[in-house]
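As a plain string of letters, each chain reads:
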Amino acid sequence: YDLLPGLPAGAAEQHPETWFEAVETVVGALVAAPGVDARRIAGIGVSGQQHGLVALDGDDRVVRPAKLWCDTTTAAEAEELSRLLGRPVPCGFTAPKVRWLARHEPENWRRTRAVLLPHDYVNFRLTGAKTMEAGDASGTGFFDPVARRFDAAAVAATAVDLDAKLPPLLAPGTPAG
């Protein structure tokens with residue numbers, strides 16, 4: 001899908017609703033195809049880009065367009081987090097995007113009640129459950145891959161109240177919904 005036009009240099013954003021409209025279109029076409037019995041579908045696998053930021057408000061509406069993995073407007077925040085945490089945090093990861101949102105759009109950050117990755121948003125729309133799995137969480141910049149949990153120090157360094165906005169982590173093999 002195209003990036004939103006008219007953004008500053010380095011910005012790469014899309015509307016999350018665009019992704020879900022595509023899911024609806026494809027699923028509709030698939031179940032309408034000759035020979036497909038929708039009653040026999042036992043599950044759906046969702047795969048998608050990592051590292052982006054989808055912010056939802058208290059009514060589960062998207063707060064602002066999603067900042068994608070390739071958005072580099074968060075380079076300063078990535079450098080700060082790298083210094084604070086004593087390890088590299090690439091600007092493509094989610095943590096710099098969260099820090100950018102809290103810094104540059106504080107009203108949107110205050111409205112944010114949930115932080116999801118792009119495909120977590122699609123899973124949420126399909127299931128009604130906000131979740132994240134460890135493999136993708138490892139690309140956030142605030143996940144401890146050894147302990148397989150969010151790193152409290154990295155979460156606190158990223159943004160105020162981020163801990164309250166993170167979804168539960170799924171164990172390997174656990175369905176999102």
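Anyway, here's the lowdown on the structure attached to this text. Every value quoted in this text rests on a predicted model; they were computed, and no experiment measured them. (Residues numbered from 1 in each chain as written. Predicted model: local features only at pLDDT ≥ 70, side-chain atom pairs only at ≥ 80, totals over all residues. Heavy atoms only, no water.)

1. Describing the layout of surface pockets
As a reminder of what qualifies: Lining residues are those with an atom within 4 Å of a point, where the points come from a 1 Å grid over the protein atoms alone and group into cavities, where a 1.4 Å probe fits but cannot get out, or pockets, open sets with protein on both sides within 12 Å along at least five of seven lines. Grid points are joined across faces, edges and corners, and a volume is the space filled by probe spheres set on the points. Note on conventions: DSSP H or I runs of at least 4 residues are helices, E runs of at least 2 residues are strands, and numbering of each starts at the N terminus. Classification used: nonpolar for Ala, Val, Leu, Ile, Met, Phe, Trp, Tyr, Cys and Pro, charged for Asp, Glu, Lys and Arg, polar for all others including Gly.
The volume enclosed by the largest pocket comes to roughly 410 Å³. Around the largest pocket, the lining comprises 21 residues; the ones closest to its centre are Ile44, Asn123, Pro175, Ala176 and Gly177. Mapped by element, the contributors of at least two residues to the lining of the largest pocket are helix H5 (118–127) and strand S5 (132–133). Counting residues per element, the lining of the largest pocket draws most heavily on H5, which supplies five residues. Class assignment of the residues belonging to the lining of the largest pocket gives a composition of 10 nonpolar, eight polar and three charged. Reported here for the second largest pocket is a volume of approximately 190 Å³. Along its surface, the second largest pocket is lined by 13 residues, and Trp19, Ser47, Gly48, Gln49 and Val122 are the ones closest to its centre. Among the residues forming the lining of the second largest pocket, the class breakdown is seven nonpolar, six polar and no charged.

2. Notes on the environment of Gly58
Operational definition: Partly exposed describes any residue whose relative accessible area lies between the buried limit of under 20% and the exposed limit of over 50%, with all areas from a 1.4 Å probe on protein chains only and scaled to the type maximum. Any two residues whose heavy atoms approach within 4.5 Å at even a single point are treated as in contact.
Turning to its location among the elements, Gly58 is positioned in the loop between strand S2 (54–56) and strand S3 (66–67). For Gly58, a relative accessible area of 58% puts it in the exposed group. Along the chain, Gly58 and Ala114 lie 56 residues apart, while their C-alpha atoms are 7.9 Å from each other. Those residues in contact with Gly58 that lie beyond four places of it in its chain are Arg111 and Arg113.

3. As for a nonpolar patch on the surface
Stated formally: In this analysis, a patch consists of residues with relative accessible area above 30% that form no salt bridge, clustered at 9 Å for like charges and at 5 Å for the nonpolar side chains Val, Leu, Ile, Met, Phe, Trp and Tyr. Computed by Shrake-Rupley with a 1.4 Å probe, the accessible areas treat only the displayed protein chains as cover when residues are assessed. Any carboxyl oxygen of Asp or Glu that lies within 4 Å of a side-chain nitrogen of Lys or Arg is treated as forming a salt bridge with it.
On the surface, a cluster of nonpolar side chains totalling about 650 Å² of accessible area is made up of Val26, Val27, Leu30, Val31, Val36, Ile41, Ile44 and Leu126. Relative to the helices and strands, Val27 resides in helix H1 (residues 16–32). The partly exposed category is assigned to Val27, whose relative accessible area is 36%.

4. Observations regarding the packing of H1 against H5
Worth spelling out the cut-off: Between N-to-C directions, angles span 0 to 180 degrees; the directions come from axes that are lines fitted to C-alpha atoms, helices contributing only their stretch in contact. Here is the rule for angles: anything less than 35 degrees is roughly parallel, anything more than 145 is roughly antiparallel, 65 through 115 is roughly perpendicular, and the remaining ranges are oblique. Whether a crossing is left-handed or right-handed is set by the direction in which the near helix is turned from the far one by less than a right angle, anticlockwise for left-handed and clockwise for right-handed.
For the pair H1 and H5, the least separation of the axes is 10 Å and the interaxial angle reads 55°. It follows from the interaxial angle that H1 and H5 lie oblique. Crossing angle aside, the handedness with which H1 passes H5 is right-handed. From H1, Pro16, Glu17, Trp19, Phe20 and Val23 reach across to H5, where they touch Pro118, Tyr121, Val122, Arg125 and Leu126. Its residues assigned to classes, the contact of H1 with H5 shows eight nonpolar, no polar and two charged.

5. Description of the packing of helix H2 (residues 75–85) against helix H3 (residues 94–104)
Between H2 and H3, whose axes approach to 8 Å, the crossing angle comes to 115°. Judged by the inter-axis angle, H2 sits roughly perpendicular to H3. Where H2 crosses over H3, the handedness of that crossing is right-handed. Residues Glu77, Ala78, Glu80, Leu81 and Leu84 of H2 lie in contact with H3, whose contacting residues are Ala95, Pro96, Arg99, Trp100, Arg103 and His104.

6. Comments concerning the nonpolar core
Side chains of nonpolar character tend, in soluble globular proteins, to be buried together. Where we set the bar: The definition of a nonpolar core used throughout is a set of buried Ala, Val, Leu, Ile, Met, Phe, Trp, Tyr and Cys residues joined through side-chain atoms within 4.5 Å.
Within the largest apolar cluster, 23 residues are counted, with the highest numbers of intra-cluster contacts made by Val98, Trp109, Val115, Phe142, Phe150, Leu162 and Leu166. For this core, the secondary structure elements donating two or more residues are H3, helix H6 (134–137) and helix H7 (152–158). With four residues, H3 is the single largest residue contributor to this core. Apart from residues lying up to four places away in sequence, Leu162 is in contact with Val98, Trp109, Val115, Phe142 and Val155. In terms of nonpolar packing, the next biggest core, distinct from the first, is built from 11 residues, Ala66, Leu116, Tyr121 and Val122 among them.

7. Regarding H2
Those residues of H2 lying buried are Glu77, Ala78, Glu80, Leu81 and Ser82. Taken together, the buried residues of H2 touch H3 and H7. Taken from the residues just after H2, Gly86 is the one with a positive phi, measuring 70°.

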